[in-house]
Amino acid sequence: MKIRYLLLHAILGLSTTVSAKDVVWYAGGHVTYSTQKNYGTVVAKALDMFSADMKAVTGKSARKGEGKIEIYQLDMLNNKEFKRLSGYKIPLEKFIAKPDAFWMGIRNGKVVIVGSNGRGTAYGILELSRKAGVSPWIDWGDVTPQRKHYLVLNEQFETLQHPSVEYRGVFINDEDWSTRVWDKQLVDAHSKSGIIGPRYYHRLFELLLRLRANTLWPAMHEGTDGFFQVKGNKEVADSFDIVLGSSHCEPILRNNVAEWNSKQRGPYNWITNRKQVENYWRERAQETAHMDGLYTLGMRGIHDGSMEGVGGNVDRVKALQSVIDEQRNILHQTVNRDLKKVPQVFIPYKEVLQIYESGLKVPDDVMLMWCDDNYGYMTRLPDAAEQKRAGGSGVYYHLSYWGRPHDYLWLTTTQPGLVYSEMREAWDHNAQRLWIANVHDPKVAAYDLSLFMDMAWNINSVTASSLQQHLRDWLTQQFGEEAAAPLTEAMTEFYHLCGIRRPEFMGWNQVELD
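Read on for a plain summary of the structure. Each chain carries its own residue numbering, running from 1 in the direction its sequence is written. With pLDDT at 70 or above as the cut-off, local features in this predicted model cover only qualifying residues; side-chain atom pairs require 80 or more to be listed or tallied, and sums for whole chains, interfaces and linings still use all residues. Hydrogens are left out, water is left out, and the side-chain values use all remaining heavy atoms of the structure.

**Notes on unusual backbone geometry**
Move 1: Residue Pro405 is reached from Arg404 by a cis peptide bond, and omega for that bond is -10°.
Move 2: Relative to the elements of secondary structure, Pro405 occurs in the loop between strand E15 (393–398) and helix H13 (416–428).
Move 3: Positive phi values are uncommon outside glycine, yet Asp174 reaches one of about 60°.
Move 4: Every helix listed is a DSSP run of H or I at least four residues long, and every strand listed is a run of E at least two residues long, numbered separately from the N terminus. Note on placement: Asp174 falls in the loop between strand E9 (167–172) and helix H5 (179–187).
Move 5: Of note, the phi angle at Asp304 is positive, near 55°, even though the residue is not glycine.
Move 6: One can find Asp304 in the loop between strand E12 (295–297) and helix H11 (313–334).

As structure tokens, then:
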């Protein structure tokens, strides 16, 4: 059979040859795969994506059947399926207990993919798409894969992968000028203005899956309906096994701008209107008690402003302490009586950092999420004592920004070297549990976001000395080898100039001085 493939290859005039140690998993017809009887919805999503990927690469969609690919999700195997898998002598003990992990290798002349859970299995499936030449940006970057007449893996090929960072994702923020317009014009043209709905999030979650991310803080600017207010949003997130969280000013998965109704509830003021605020948080905790949620604690103004109704720093500490205590009580009553099993995060962003450092007591099982200065430089990292907290630490990092003293929303202009050095330092300070990148539009943040997610998946995938090669490899993946060299030179100079002064800052002015 391999001789026939070699002859076909020679007839087609292709340069690469198939060695005797290669396993050919496609050589015409359809790519076929087999699965266990039951698997997660996120695996079904990944299989749909893989099928479309194979059509882009080979001209024909992949389909289920007896073939060269076997796929397993460990946490949903029945006894018979597990017994069959055990015969392959795969090192299950090395990843079975690791969330989102996968193993891929060759067994009995077949490509075998094994995930520890649904997301891990999905990542493994899409890793095979990468091996076939499919970029994670095939949709968002309009990247056309090179057509292939056959696909092979060496019989010795084997990879075991698991994430360095537990929660990895994006915050779709400042969506007004790009994301919301694109969504209205091209994705949800028939919906009313301001709705970012399940069609948009479906495409976003496909991208996150390809980037091996698992977490979303949804869009929340004024003029955008709240995520939970739009029919189908929660359901599509569930189908992709996405962990939902919320930003620094949106406690308990609420979207204050869209969801707090002052006419019905009164002011968003903990001091003067505590009962209404409590009920507001309790409603969402009850609604999300059975989903995979990441609960932000604390309180700021309705949208990125200071907490209402408090004066000096002493009063701020006292008020915020009572807020956190009550939010914990709500989660204890509605989500899980064992709060250690409820992922919670406290984000000392802007003025909240001063409150935290003035004596606020954040429970040990709550994650602390450290922030950059909105321009890519970390303002604070955990000290030796904070690094030992049971809840761990995370990072909230801006790849775009709208606000004082100046915006940058045209292109993502942060130097990759800065992204690398700041995130590596954060990792070295044990900020390893949650990484969120603030992006107004993933498309224009493509490279920096890819770098961010590659490091979140495998912190050692990039080093200071290999960063330039990472950029070139990424450009090769999108545009091909011939274009990669001149593009690398151009992009390097682009980042050099942006490091001197971002394009948006060329006017030498400031914004929002009022």
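**Digging into H11**
Move 1: Counted at 1.5 Å a residue, the expected span for H11 with its 22 residues is 32 Å, and the 31 Å between its end C-alpha atoms agrees.
Move 2: Looking at H11, one finds that the buried residues are Val317, Ala319, Leu320, Gln321, Val323, Ile324, Glu326, Gln327, Arg328, Ile330, Leu331 and Thr334.
Move 3: Contacts were defined at the residue level, with two residues in contact if any of their heavy atoms lie within 4.5 Å. Elements in contact with the buried residues of H11: helix H10 (274–287), E12, strand E13 (344–346) and helix H12 (351–357). Multiplying 1.5 Å by the residue count of a helix minus one yields the expected span of that helix. Relative accessibility under 20% of the residue-type maximum defines a buried residue, over 50% an exposed one, and the middle range a partly exposed one, all with a 1.4 Å probe and only protein chains included.

**So, the packing of helix H2 (residues 41–58) against helix H4 (residues 118–131)**
Helix packing geometry: the angle between the two helix axes and the distance between the axes.
Move 1: In this analysis, axes come from line fits to C-alpha atoms, helices being fitted only over the stretch in contact, and the angle between any two N-to-C directions falls in the range 0 to 180 degrees. Where H2 contacts H4, the two axes come as close as 8 Å, and the packing angle between them is 5°. As judged from the angle between their axes, H2 and H4 are roughly parallel. Contacts from Val42, Val43, Ala46, Leu47, Met49, Phe50, Asp53 and Met54 in H2 reach Gly118, Arg119, Thr121, Ala122, Ile125, Leu126, Leu128 and Ser129 in H4.
Move 2: Under the convention adopted here, Pro, Cys and the residues Ala, Val, Leu, Ile, Met, Phe, Trp and Tyr are nonpolar, Asp, Glu, Lys and Arg are charged, and Gly plus all remaining residues are polar. Broken down by class, the residue content of the contact of H2 with H4 amounts to 11 nonpolar, 3 polar and 2 charged. Angles below 35 degrees are treated as roughly parallel, those above 145 as roughly antiparallel, those between 65 and 115 as roughly perpendicular, and all remaining angles as oblique.

**Overview of the sheet that holds E9**
In sheet architecture, strand pairing relies on hydrogen bonds along the backbone and comes in two forms, parallel and antiparallel.
Move 1: With parallel pairing, the 8 strands of this open sheet are ordered in space as E11-E10-E9-E16-E15-E14-E13-E12. Each end of this open sheet is capped by a strand with a single partner; those strands are strand E11 (243–244) and E12.
Move 2: At least two bridges found by DSSP between two strands is the condition for calling them paired. Bridge analysis of E12 against E13 gives 3 bridges, and the strand direction is parallel. Note on E13: the bridge partner recorded for Tyr295 is Gln344.
Move 3: On the sheet, H13 packs against E15 and strand E16 (434–439) and is oriented at approximately 165° with respect to E15.

The analysis is restricted to geometry; functional conclusions fall outside its scope.
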